[in-house]
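Secondary and tertiary structure notes
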Amino acid sequence: LTLDPPVSGTFRWMGTSTLNFIPAAPLAYGTRYVATVNAPINAISGETMAKDYSFSFVTPRPQVADMFPYQEMDQTILEQPIYLRFNQPVEPAALEKFITLSGEKGQKTPITITRPDKEDVEKSDVYWLEVGKEDQIKILPTAPLTMETWHALKLKAGLPGKGGALGMEQPFELKFKTYNHFRVD
């Protein structure tokens, strides 16, 4: 049995018909692996597998696991930091080609992309936010958002994780609305 890309590990028979592969280290995220059973192989029954048999599998691609503000959240502040948690490590610099923040009329909002810091964790009510986690991203508008407006943070498909060549399979969109003008009706 061979894997492409190559993976070191141990093979273990589970009975007489199942071969289990235990990788020495976790498989890389976002990677297509091709496993090939090389012929000829003789079974205990005397039958022979005459030609190679191959199959492939893909390890998890990047995707957004959590976000703040939450989807369709209302009454967010104008200086609202946006926090994303992915299912795997993602580089802040990689997001630059894949991300936009815009208002409901399509106007783009300039942003900075970093990791959450200690102050973010202390000031935020986001329960999953931690300092130093490579699966977490902070997106900060460089100017206040427009009041009483729906905003959309969009990630294009293809955003790579740190571990593999296969990026996000589907685009992602987060919609939220800023607080409204105070008025008495």
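As shown above, the structure is provided for reference.
Before going into details, it helps to say that this report is about the structure given with it. (Residues numbered from 1 in each chain as written. Predicted model: local features only at pLDDT ≥ 70, side-chain atom pairs only at ≥ 80, totals over all residues. Heavy atoms only, no water.)

Mapped onto the elements, Leu 174 comes out in strand 15 (residues 172–178). It is 16 Å that separates the C-alpha atoms of Leu 174 and Glu 148, two residues lying 26 residues apart in sequence. Setting aside residues no more than four positions away along its own chain, Leu 174 makes contact with Met 67, Pro 69, Tyr 70, Gln 71, Ile 82, His 151, Ala 152 and Leu 153. (Helix = DSSP H or I, 4+ residues; strand = E, 2+ residues; numbered from the N terminus. Contact = heavy atoms within 4.5 Å.)

Below, the discussion takes up the sheet that holds strand 4 (residues 32–37). Spatially, the 3 strands line up as an open sheet ordered 1-4-7, and their pairing is antiparallel. Since the sheet does not close on itself, it has two edges, and those belong to strand 1 (2–4) and strand 7 (53–58), each with one partner. Averaged over all adjacent pairs, the angle separating strand axes in this sheet is 20°, with direction ignored. Summarising the sheet, strand 1 and strand 4 pair through 3 bridges and their orientation is antiparallel. Residue Leu 3 lies in a different strand from strand 4, and its bridge partner there is Ala 35. (Pairing = 2+ DSSP bridges. Axes fitted to C-alpha atoms, helices over the stretch in contact; angles between N-to-C directions.)

Within the structure shown, the criterion is met by 4 aromatic pairs. With 5.4 Å between their ring centres and 20° between their planes, Tyr 33 and Phe 57 make a pair best called stacked. Residue Tyr 33 is located in strand 4, and its partner Phe 57 is located in strand 7; the two are separated by 24 residues in the primary sequence. Given a relative accessible area of 4%, Tyr 33 falls into the buried group. (Phe/Tyr/Trp six-rings, centres within 6.5 Å; stacked < 30°, edge-to-face > 60°. Buried < 20%, exposed > 50% of the residue type's maximum accessible area, 1.4 Å probe, protein only.)

To continue, consider the pattern of salt bridges. One pass over the structure, following the stated rule, counts 6 salt bridges. Ionic pairing is found between Arg 85 and Asp 66, a salt bridge with its closest N-O pair at 2.1 Å. One end of the pair, Arg 85, is in strand 10 (residues 82–86); the other, Asp 66, is in strand 8 (residues 64–68), with 19 residues separating them in the sequence. In this structure Asp 66 comes out as buried when scored by relative accessible area, which is 17%. Measuring nitrogen to oxygen at the nearest pair gives 3.8 Å for the salt bridge that ties Glu 122 to Lys 118. Here Lys 118 and Glu 122 lie together in helix 2 (residues 118–123), a separation of 4 residues that amounts to about one turn. Classification of Lys 118 as exposed rests on a relative accessible area of 57%. Members of the salt-bridge network, linked through shared partners, are Glu 91, Glu 134 and Lys 162. (Salt bridge = Lys/Arg side-chain N within 4 Å of Asp/Glu carboxyl O.)

Time to look at the sheet that holds strand 13 (residues 136–141). Pairing between the strands of a sheet is mediated by backbone hydrogen bonds and can be parallel or antiparallel. The strand order 8-10-13-12 describes an open sheet built from 4 strands, whose pairing is antiparallel. Here the strands that pair on one side only, and so sit at the sheet edges, are strand 8 and strand 12 (111–114). Going across the sheet, the axis of each strand differs from the next one's by a mean of 20°, ignoring polarity. For strand 8 and strand 10, the ladder comprises 4 bridges, and the chain directions are antiparallel. Residue pairing in the sheet places Met 67 in a bridge with Leu 84 of strand 10.

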